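Geometric and topological summary
Next come the chains, spelled out residue by residue.
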Amino acid sequence: MSKNLFNKIWDSHKIASLNSGQDQIFIDLHLIHEVTSPQAFGMLRALGLKIAYPQRTFATVDHIIPTSTLKRPYQDSLAEAMIVAIKENCEEFNIKYFSPEEGSQGIVHVIGPEKGLTQPGTTIVCGDSHTSTHGAFGAIAFGIGTSQVRDVLATQSLALGRLKVRRININGKLAAGVYSKDVILHIIRVLGVKGGMGFAYEYGGSVIDAMSMEERMTICNMSIEGGARVGYINPDQITFDYLQGREYAPAGEKWNEAVTKWKSLASEADAEYDDIVNIQAESISPTLTWGINPGQAMSIGEKIPTLEQIKEEDQGTFEEALEYMKLEAEKPMVGLKINVAFIGSCTNGRLSDLEEVAKYVKGFKVSSNVKALIVPGSMQVKREAESKGLNKIFEEAGFEWREAGCSMCLAMNPDKLQADEICASSSNRNFKGRQGSPQGRTILMSPVMVAAAAIKGEVTDARQLFKI
Amino acid sequence: MTLKKIKSVMGKAVFVSGNDIDTDRIIPARFMKCVTFEGLGQYTFYDVRFDQANKSLNHVLDQPENKNASILISGANFGCGSSREHAPQALFYFGFRAIIAESFAEIFFGNCTTLGIPCISLSKDKINLLVKTLADKNSEIKIDLENKLIEIENLKIDFQMPEEALKSLIEGQWDSLAALLENMPKVKELEKQLAK
């Protein structure tokens, strides 16, 4: 039995054993954004500490940035104060800031990979739970709190307890119209929202092997929704091809050295795991949520379950979920009217997500009853989409084409649901109030399913509408 | 940095029922537009405590008998979702100094421990017993971390907690920064080696 990738990286990044029983782990890459970093800088100042390795921290602004106009000052004075704070903090502490001024901002988990900052074999943290996204490259990447942001700034390290590793094999072949979003929603549905506690998830199998990097990022992104702080995929030729030539990726002779090292880190066939789960690809259909956590999901052809069909440990929130969502057991989701459609977020706001949607919406019109937004994950995604004419296709179909940011995934900017509106959303959380209204209702699904719902004005099977 | 040794927490407790209470519910995202944590306490559980006209809904947290409660009791998977430290900070500034729940989401658990807020896991049955005793007696709870016991009236309930967190609280090392800083020479050594 050999070591899996997680344990190889852990061991090579271990600085010391601490008295607490935790390990002190070196952090290669630290990403920060405007919401969870200002207090950490405040703590550093209060303690009179400097940043140990400013060149290992990169900043951007994503959560509060408006997507309809970038005009400053922002109408929301609190948001304005936050964007001022991150710029000033980066200047004072000499941190590279991907800013709106230079048009390089975007969702932190979209720009890390696209700049080539996210690399195999590294430890990556950010004050954001969806940092697990970067695990798609064979990195140990996870979200941290603000006191830990302070720790990383001051010491480039963290006090951590080692996780167990669960290998999740997805073998077989996905049917047409079934996407990586459906795969991860299915995994969470099967293993539960608490299932990953104490584990890092290693995703593998023929389905994962065949996926593009962007599809893999969607899978790793939602690991935390299954309770797993870390999710990763072993690096392979697809990973290397994606990275080669990117701004911060190794170049020249260093490239070959890096690839040799990265290859040696991947878990081998005889790697040891604490648990193994096998899922057959053919059992996965387009999947969507009906409740108030991402595990409360069903396939598009099913009906909302009854209490008896729910695992006992999950029964506690069943009634609460149906009451909040104003839905009934044993009814289909197909045909449910929606008010808003949102395509974007660190889960599904990348170029391939937008290309896939554009492929199908040509010639269709968004329902007059639906407000439909498409929010690119970064300014680079926006520019690439526009150079391919995708924005024209979207706008002709009746979608609003916006500036980059987190937008309606968590509604810290002006993009919000009103009252109890229902939103078909390509984001990652369907928590109560998540999209900005305390009564707002979220249905998670793949971008193509969101597009289909926007056009029909109701939840629908995209495979039928688009003849996939 | 000298930190308080947290060997026990005493106080009144309040039960907020429900499973999978996520950090968006503990502190809705719209209240995170701030550059300091002070002042977050008032927004704790805002959307279940107030209606849209900001009128109190007389939530359990706002009922007179629960004023000054310093121990929060809840269900399974408490604190799931976002890594926002705003959630434990809001609970801290609201006045909570310990949380008892069936289970905790990992990032939230770590964030709480770093702030010196013990997160105590108890089985559903034990939580029910505790809540029932509270309802009957309305007395104070003592969480004895050294002996891993919760005491209320004559009742003693044992609990489990990961040893690393327990030790760091009892020994006053729950904020890891000092320990990390001590090893900076080793950090520099490893950084050089990894940067090769």
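Calculation rules
Residues numbered from 1 in each chain as written. Chains lettered and ligands numbered in written order. Predicted model: local features only at pLDDT ≥ 70, side-chain atom pairs only at ≥ 80, totals over all residues. Heavy atoms only, no water. Pairing = 2+ DSSP bridges. Helix = DSSP H or I, 4+ residues; strand = E, 2+ residues; numbered from the N terminus. Axes fitted to C-alpha atoms, helices over the stretch in contact; angles between N-to-C directions. Contact = heavy atoms within 4.5 Å. Core = buried A, V, L, I, M, F, W, Y, C linked by side-chain atoms within 4.5 Å. Buried < 20%, exposed > 50% of the residue type's maximum accessible area, 1.4 Å probe, protein only. Buried area = accessible area lost by both parts, 1.4 Å probe. Salt bridge = Lys/Arg side-chain N within 4 Å of Asp/Glu carboxyl O. Nonpolar A, V, L, I, M, F, W, Y, C, P; charged D, E, K, R; others polar. Right-handed = clockwise from strand over helix to strand, strands pointing away. Domains from an automatic or database assignment. Phe/Tyr/Trp six-rings, centres within 6.5 Å; stacked < 30°, edge-to-face > 60°. Lys NZ or Arg CZ within 6 Å of the ring centre and 35° of its normal. Left-handed = near helix turned anticlockwise from the far one by under 90°.

1. So, the sheet that holds strand β9 (residues 164-171) of chain A
All names here are of chain A. If you walk across this open sheet you meet the 4 strands as β11-β10-β9-β12, and the pairing is parallel. The open sheet has two edge strands with one neighbour each: β11 (230-233) and β12 (275-280). Going across the sheet, the axis of each strand differs from the next one's by a mean of 20°, ignoring polarity. Inspection of the sheet shows β9 paired to β12 by 6 bridges, in the parallel sense. Across the sheet, the residue bridging to R166 is D275, located in β12. Each of β10 (199-204) and β11 is contacted by helix α8 (residues 213-221), which is oriented at about 155° to β11, the strand it contacts most.

2. Comments concerning the nonpolar core
One finds W290(A), M333(A), V361(A), F394(A), F399(A) and F466(A) to be the most contacted residues of the largest nonpolar core, which totals 105 residues. What W290(A) contacts, discounting residues up to four positions off in sequence, is Q296(A), A297(A), M298(A), I304(A), P305(A), I310(A), F318(A), A321(A), L322(A), M325(A), L327(A) and M333(A).

3. Digging into the interface of chain B and chain A
Counting residues at the interface gives 52 residues for chain B, matched by 72 residues for chain A. Both faces combined, the contact of chain B with chain A buries some 4,900 Å², and carbon together with sulfur accounts for 58% of it. Three residues, K33(B), E106(B) and L180(B), lead the burial of chain B against chain A; their summed loss comes to 15% of the area buried on that side. The interface formed by chain B and chain A holds 5 salt bridges in total. The partner of R25(B) in a salt bridge is E320(A), and the shortest N-O contact between them spans 3.1 Å. Contributing elements (two or more residues each) for the side of chain B that touches chain A: α1 (23-26), α4 (106-114), α6 (163-170), α7 (177-182) and α8 (184-195) of chain B. It is α8(B) that provides the largest number of residues to the side of chain B that touches chain A, a total of 8 residues. Taken together, the residues that form the side of chain B that touches chain A break down as 21 nonpolar, 15 polar and 16 charged.

4. Focus on the pairing of strand β4 (residues 98-101) of chain B
All names here are of chain B. Both faces of β4 are covered, namely the face carrying A98 and I100 and the face carrying I99 and A101. Pairing between strand β3 (residues 71-73) and β4: 3 bridges, direction parallel. Across the sheet, residue I71 finds its bridge partner in β4, namely A98. A crossover connection joins β3 to the parallel β4 through helix α3 (residues 86-94); in handedness this β-α-β unit is right-handed. Relative to strand β5 (residues 119-121), β4 runs parallel, the two being bridged by 3 bridges. Residue A101 lies in a different strand from β5, and its bridge partner there is S121. Between β4 and its parallel partner β5, the chain crosses via α4, and the hand of that crossover is right-handed.

5. Quick notes on unusual backbone geometry
Across the chain, the bulk of peptide bonds are trans and the bulk of non-glycine residues have phi less than zero. Going from R72(A) to P73(A), the amide bond is cis rather than trans, its omega being -10°. Considering the arrangement of structural elements, one finds P73(A) in the loop between β4 (57-60) and α3 (77-93). Look at N58(B): it is not a glycine, yet its phi comes out positive at around 55°. Mapping N58(B) onto the fold places it in the loop between α2 (46-49) and β3. Residue classification places N58(B) among the partly exposed residues on the basis of a relative accessible area of 46%.

6. Quick notes on helix α5 (residues 146-155) of chain A
Residue and element names in this part refer to chain A. Counting buried residues along α5, 10 of its 10 residues qualify, which places the element largely inside the surrounding structure. Within α5, burial applies to T146, S147, Q148, V149, R150, D151, V152, L153, A154 and T155. Of the residues trailing α5, Q156 is marked for its positive phi of about 55°.

7. Side note on the domain arrangement of chain A
All names here are of chain A. Taken domain by domain, chain A holds domain 1 (5-160), domain 2 (164-283) and domain 3 (288-465). A straight line from the C-alpha centre of domain 1 to that of domain 3 covers 28 Å. Opposite the 21 residues of domain 1 that make contact, domain 3 presents 24 residues. Taken over both partners, the interface formed by domain 1 and domain 3 buries close to 1,900 Å², and the fraction arising from carbon and sulfur atoms is 60%.

8. Quick notes on the packing of aromatic side chains
Per the stated rule, a full pass over the model turns up 23 aromatic pairs over all chains. Relative to F466(A), the ring of Y360(A) has its centre 5.4 Å away and its plane inclined at 20°; by these criteria the two rings are stacked. Of this pair, Y360(A) sits in helix α13 (residues 351-361) while F466(A) sits in the segment after α17 (462-465), and the two are 106 residues apart along the sequence. Each member of the pair, Y360(A) together with F466(A), is buried. Ring centres of F94(B) and F96(B) lie 5.5 Å apart, and the angle between their planes is 25°; on these two criteria the pair is classed as stacked. Three or more aromatic residues link up through ring pairs in this structure, and these residues are F31(B), Y43(B), Y46(B) and F50(B). Taking the ring centre of F199(A) as reference, the NZ or CZ of R166(A) above it sits at 4.0 Å. Taking NZ or CZ as reference, R97(B) lies 3.7 Å from the ring centre of F92(B), over its face.

9. Here's the deal with the packing of α13(A) against helix α16 (residues 447-456) of chain A
All names here are of chain A. Relative orientation of the contacting elements α13 and α16 amounts to 35°, with a least axis distance of 9 Å. Of the two elements, α13 crosses α16, and the hand of that crossing is right-handed. Residues D353, E356, V357, Y360 and V361 of α13 form the contact with α16, whose own contacting residues are P447, V448, A451 and I455. Grouping the amino acids of the contact of α13 with α16 by side-chain chemistry returns 7 nonpolar, no polar and 2 charged.

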